[in-house]
Amino acid sequence: MAERTVRRQARGLKRMAEILDAAEAVIAEVGYPDMTTNQVAARAGVSPGTLYQFFRNKEEVLDGLVARYTVDRAEYWTARLAAVTPDIPLEALVGQLVDESVRFKSESPAYWSLLYGTATGDRFAAASQRLHDDVALRIADMLRRRSPGLPEERARLMGTMALAMVKAVMPMVTSSPPERSAELVAELKHLLIRYLG
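The structure reproduced in this document is the subject of the present report.

In this section: helix H4 (residues 58-82). Compared with the 36 Å implied by 1.5 Å per residue over 25 residues, the 36 Å span of H4 between its first and last C-alpha is a close match. Buried within H4 are the following residues: Lys-58, Glu-60, Val-61, Leu-62, Gly-64, Leu-65, Val-66, Tyr-69, Arg-73, Ala-74, Tyr-76 and Trp-77. Among the residues of H4, the N-terminal cap falls to Asn-57, whose side-chain oxygen and the backbone nitrogen of Glu-59 are separated by 3.1 Å.

Within this structure, the stated rule accounts for 0 aromatic pairs. Above the ring of Tyr-32, the side-chain terminus of Lys-58 is found at 4.6 Å from the ring centroid.

Moving on, we come to the nonpolar core. One finds Met-35, Val-40, Tyr-69 and Leu-192 to be the most contacted residues of the largest nonpolar core, which totals 56 residues. Mapped onto this core, the elements with two or more residues apiece are helix H1 (2-30), helix H2 (37-44), H4, helix H5 (90-107), helix H6 (109-116), helix H7 (122-146), helix H8 (152-175) and helix H9 (178-196). A total of 9 residues in this core trace back to one element, the largest contributor, which is H8. Look past the residues within four positions of Leu-192 in its chain and what remains in contact with it is Val-94, Val-98, Ala-162, Met-165, Val-166 and Gly-197.

Tallied over the entire structure, the rule returns 13 salt bridges. With a shortest N-O distance of 2.3 Å, Arg-103 and Glu-107 are connected by a salt bridge. Linking Arg-103 with Glu-107, this pair stays in helix H5, spanning 4 residues, or about one helical turn. A relative accessible area of 33% places Arg-103 in the partly exposed class. The exposed category is assigned to Glu-107, whose relative accessible area is 51%. A salt bridge links Asp-134 to Arg-138; the shortest N-O distance between them is 3.7 Å. Taken as a pair, Asp-134 and Arg-138 lie in helix H7 at a separation of 4 residues, close to a single helical turn. According to the relative accessible area criterion, Asp-134 is buried, its value standing at 18%. Among the charged side chains, a salt-bridge network with shared partners connects Lys-14, Arg-15 and Glu-18.

On to H8, then. If you check H8, its first and last C-alpha atoms are 35 Å apart, about what 24 residues at 1.5 Å a residue would give, namely 34 Å. Of all the bends in H8, the greatest reaches close to 35 degrees and is centred on Val-169; the proline Pro-171 follows between one and four positions later.

Our next topic: the packing of H4 against H5. Look at H4 against H5: their axes get within 13 Å of each other, and the N-to-C directions meet at 155 degrees. One finds that H4 runs roughly antiparallel with respect to H5. H5 is crossed by H4, and the crossing has right-handed handedness. Facing Tyr-69, Asp-72, Arg-73, Tyr-76, Trp-77 and Arg-80 of H4, the residues of H5 in contact are Gln-96, Leu-97, Glu-100, Arg-103 and Phe-104. Here the contact of H4 with H5 is built from residues that sort into 5 nonpolar, 1 polar and 5 charged.

Analysis parameters
- Each chain has its residues counted from 1, running along the sequence as written.
- In view of the model being predicted, local features appear only for residues whose pLDDT reaches at least 70, and side-chain atom pairs are presented and counted only at 80 or more, with totals across whole chains, interfaces and linings using the full set of residues.
- Values reported for side chains reflect all heavy atoms of the structure, with hydrogen atoms and water molecules removed beforehand.
- Numbered from the N terminus, helices here are DSSP runs of H or I no shorter than four residues, and strands are runs of E no shorter than two.
- One less than the residue count of a helix, multiplied by 1.5 Å, gives the span that helix is expected to have.
- For the exposure calls, accessible area comes from a 1.4 Å probe over protein chains only, and a residue counts as buried if that area is under 20% of its type's maximum, exposed if over 50%, partly exposed in between.
- Whenever two N or O atoms come within 3.5 Å, that pair is a polar contact, provided that in protein one can donate a hydrogen and the other can accept it, and provided that, for residues adjacent in sequence, both atoms are side-chain atoms.
- For Phe, Tyr and Trp, where Trp contributes only its six-membered ring, two rings pair if their centres lie within 6.5 Å, and the inter-plane angle classes them as stacked under 30 degrees, edge-to-face over 60, or tilted in between.
- We count a charge as sitting over a ring when the NZ of a lysine or the CZ of an arginine lies within 6 Å of the ring centre and within 35 degrees of the ring normal.
- Among buried residues, those of type Ala, Val, Leu, Ile, Met, Phe, Trp, Tyr and Cys that are joined through side-chain atoms within 4.5 Å constitute a nonpolar core.
- Only heavy atoms matter for contacts: two residues are in contact if any of them lie within 4.5 Å across the pair.
- By definition here, a salt bridge exists when the distance from a side-chain nitrogen of Lys or Arg to a carboxyl oxygen of Asp or Glu is within 4 Å.
- Consider a residue and the seven residues that end there alongside the seven that start there; fitting an axis to each set, the bend is the angle between those axes.
- The angle between two axes is taken between their N-to-C directions and runs from 0 to 180 degrees, where each axis is a line fitted to C-alpha atoms and a helix contributes only its stretch in contact.
- Working definition: roughly parallel below 35 degrees, roughly antiparallel above 145 degrees, roughly perpendicular at 65 to 115 degrees, and oblique for all remaining angles.
- For a crossing to be left-handed, the near helix must be turned anticlockwise from the far one by less than a right angle; the clockwise case is right-handed.
- Three classes are used, and their members are as follows: Ala, Val, Leu, Ile, Met, Phe, Trp, Tyr, Cys and Pro are nonpolar, Asp, Glu, Lys and Arg are charged, and the others, Gly among them, are polar.

Here's what the structure looks like:
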């Protein structure tokens with residue numbers, strides 16, 4: 001009996017992940033405001049009724065994606081934070097962060113759509129702000145770990161500004177031809193090094 005329950009839970013978690021994968025693809029194509037649960041169900045290959053067993057509406061799908069991104073990014077930042085010491089050159093730290101942002105942007109376009117937010121709904125804007133605050137705080141933690149004497153409030157401001165710079169440049173990076181993208185990435189790294197140095 002217990003084994004059957006565990007298998008059922010594993011199938012349920014797998015189905016939830018498939019639905020969230022589908023939602024991510026739909027958001028990347030049409031944006032969250034235009035996403036419907038029927039589109040997500042069709043993309044996941046399930047009936048709308050099956051989707052509703054896991055998510056009652058599109059807002060709950062959004063909550064699921066935000067939770068997934070928060071956990072995924074927390075794991076990334078925790079691993080990255082452990083490697084940061086006062087000895088790490090700022091150029092290396094910035095290079096790693098920008099390169100990871102470019103990689104993650106190409107693999108998870110819906111995350112960036114959510115991170116940028118929108119004026120179409122308070123719930124979406126609140127989800128966007130939660131993601132933004134979490135990333136800015138992680139950057140601030142890295143800065144303080146690299147420079148232990150850096151005041152917490154200053155680190156938070158710098159984390160917020162660094163994230164704003166990345167967010168501002170990332171759409172240009174991903175929509176440009178490869179050679180132009182490489183130039184923009186190099187310039188973004190230079191800008192961050194000058195600002196954070």
